[in-house]
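# Structure assessment
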Amino acid sequence: ATTPLGAAVWFALTLAFKNGASTTTSTLFHNNAPAITLGGISGLQLGPSNILSAVGPWVFGIVIGLSGGFSAGFVGIIGLFVLSAISIGILALEGL
């Protein structure tokens, strides 16, 4: 984005897409798992995602420091998005 307003719009869109997906995956557990296991299943989902949420910015900072700019970090993030999209596509084709 070239302006602060543009950056804010892109940031809001990324949060909207991220939160939409996490809400969907959380409700899948409630629809498909026995009630007695929901606490453990939610912990298995939220524990690693919280750890990765903490480690992600740290790794991004290391990449910025090593490369001298934001471009390498953004390319890495885009690569992760593409990998996620491919994984979701495979799961969708399998009917999961």
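Computed from a predicted structure; not experimentally measured. Along each chain, residues carry numbers from 1 onward, in the same order as the chain's sequence is written. For a predicted model such as this one, the threshold for reporting local features is a pLDDT of at least 70, and the threshold for listing and counting side-chain atom pairs is 80 or more; totals across whole chains, interfaces and linings nevertheless cover every residue. The side-chain figures draw on all heavy atoms in the structure; neither hydrogens nor water molecules are used.

### Regarding the overall build of the protein chain
Going along the chain from the N terminus, every DSSP run of H or I of four or more residues is numbered as a helix, and every run of E of two or more is numbered as a strand. Looking only at helices and strands, the protein chain has three helices and zero strands in total. If you list the helices and strands of the protein chain from N to C, you get α-α-α. When we talk radius of gyration, it's over C-alpha atoms, and the globule rule is simply 2.2 Å times the number of residues to the 0.38. Taken over the C-alpha trace, the protein chain has a radius of gyration of 17 Å; the compact-globule value for 96 residues is 12 Å, which it surpasses by more than 25%. Dimensions of the protein chain, computed from C-alpha atoms along their principal axes, come out at roughly 50 × 25 × 25 Å. Accessible area of the protein chain: about 7,600 Å², with a carbon and sulfur share of 77%. In short, Shrake-Rupley with a 1.4 Å probe defines the accessible areas, and a residue's cover is counted only from the protein chains shown.

### Considering the packing of aromatic side chains
Note on aromatic contacts: the rings of Phe and Tyr and the six-membered ring of Trp form a pair at centre separations within 6.5 Å, being stacked when their planes are under 30 degrees apart, edge-to-face when over 60 apart, and tilted otherwise. Following the criterion strictly, the structure yields three aromatic pairs and no others. When the ring of Phe-60 is compared with that of Phe-74, the centres are 5.6 Å apart and the planes differ by 55°; the resulting orientation is tilted. Placement of the pair is Phe-60 in helix α2 (residues 38–67) and Phe-74 in helix α3 (residues 71–94), with a sequence separation of 14 residues. Ring geometry for Phe-70 and Phe-74: centres 6.1 Å apart, planes at 25°, overall stacked. Judged by its relative accessible area of 51%, Phe-70 falls in the exposed class. Per-residue accessibility, obtained with a 1.4 Å probe over protein chains only, is compared with the maximum for each type, and a residue is labelled buried under 20%, exposed over 50%, and partly exposed between these values. Owing to a relative accessible area of 45%, Phe-74 belongs among the partly exposed residues under this scheme. What links up through ring pairs into an aromatic cluster is the set Phe-60, Phe-70 and Phe-74.

### As for α2
Every α-helix carries 3.6 residues per turn, so stepping three or four residues along brings you back to the same face. Every helix has an expected span of 1.5 Å times one less than the residues it contains. Between its terminal C-alpha atoms α2 stretches 43 Å, which fits the 44 Å expected from 30 residues at 1.5 Å a residue. A residue's bend is simply the angle between two axes: one fitted to the seven residues ending at it, one to the seven starting at it. For α2, the principal kink sits at Val-55 and spans about 25°; a proline, Pro-57, occurs within the next four residues.

### Thoughts on the packing of α2 against α3
Two elements in contact, α2 and α3, have axes separated by 7 Å at closest approach and are oriented at 140°. Classified by the angle between their axes, α2 and α3 sit oblique to one another. Note on element contacts: α3 touches α2 through Ala-72, Gly-73, Phe-74 and Ile-77, opposite Phe-60, Val-63 and Ser-67. Helix axes use the C-alpha atoms of the stretch in contact, all axes being lines fitted to C-alpha atoms, and the angles between their N-to-C directions lie in the range 0 to 180 degrees. Orientation labels follow simple angle bins: below 35 degrees gives roughly parallel, above 145 gives roughly antiparallel, 65 to 115 gives roughly perpendicular, and whatever is left gives oblique. Whether two residues are in contact is decided by their heavy atoms, any of which lying within 4.5 Å being enough.

None of this, on its own, says anything about what the molecule does.
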